[in-house]
Amino acid sequence: MHISGGCHCGAITYEAEVDPATVSLCHCTDCQILTGTAYRCSVPAKKADFRLLSGVPKIYVKVGESGARRAQGFCGNCGTPIYATSAENPQAYGIRTGSARERAQLLPTTQIWCRSALAWTTNIANLPKSEKSPA
């Protein structure tokens, strides 16, 4: 599936070929902090299938529980997370689905790091809903 996207302010744009059957939710505490929410949703793209069209992401390198160094690419202007990849030898990019125009078609198929999941994330179906912010 061909996707395109970018950051909120428009400084960074990209395109990629992805397999929508590989979309995942990550509940690890690093992803909770880096996204500022309960989990991260991403889809992998091979290095050859991901192309930046404009802008240069700012990079923050974090060390995962495994010891792997992960480069977090985000917009230095607006802060939008764009991808994560290996800091040493990128072979694939975990594209943050919220930055893709086709995000509504990228449905999660699996969840990882569930031991860190916030308990309320498994049961939000009955929360009151509003089309817009009530304020």
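Everything numeric here is computed off the predicted structure, so don't read it as measured data.

The rules behind the values
- Sequence order sets the numbering: in each chain, residues are counted from 1 along the sequence as written.
- Where local features are concerned, this predicted model is filtered to residues with pLDDT of at least 70; where side-chain atom pairs are given and counted, the filter is 80 or more; whole-chain, interface and lining totals use all residues.
- For the side-chain quantities, the full set of heavy atoms in the structure was used; hydrogens and water were omitted.
- When DSSP finds at least two bridges between two strands, those strands are taken to pair.
- Numbered from the N terminus, helices here are DSSP runs of H or I no shorter than four residues, and strands are runs of E no shorter than two.
- Between the N-to-C directions of two axes lies an angle of 0 to 180 degrees, each axis being a line fitted to C-alpha atoms and, for a helix, fitted only over the stretch in contact.
- Patch membership is restricted to residues that have no salt bridge and whose relative accessible area is over 30%. Joining uses 9 Å for like charges and 5 Å for the nonpolar side chains Val, Leu, Ile, Met, Phe, Trp and Tyr.
- Areas reported here follow the Shrake-Rupley algorithm with a probe of radius 1.4 Å; residue values treat only the protein chains shown as occluding.
- Here a salt bridge means any side-chain nitrogen of Lys or Arg lying within 4 Å of a carboxyl oxygen belonging to Asp or Glu.

Turning our eyes to something else, we now look at the sheet that holds strand E4 (residues 40-46). Strand order in the open sheet formed by seven strands is E6-E7-E8-E9-E4-E3-E10, with mixed pairing between adjacent strands. On the outer flanks of this sheet lie strand E6 (58-63) and strand E10 (110-112), each paired with one strand and no other. Put simply, the sheet's adjacent strands are angled 30° from each other on average, direction ignored. Bridging between E4 and strand E9 (residues 92-96) involves five bridges; their strand directions are antiparallel. By the bridge assignment for E9, Ser42 is matched with Arg96.

Quick look at a nonpolar patch on the surface now. Together, Leu118, Trp120, Ile124 and Leu127 line one region of the surface with nonpolar side chains, adding up to about 400 Å² of accessible area. Relative to the elements of secondary structure, Leu127 occurs in the segment after E10.

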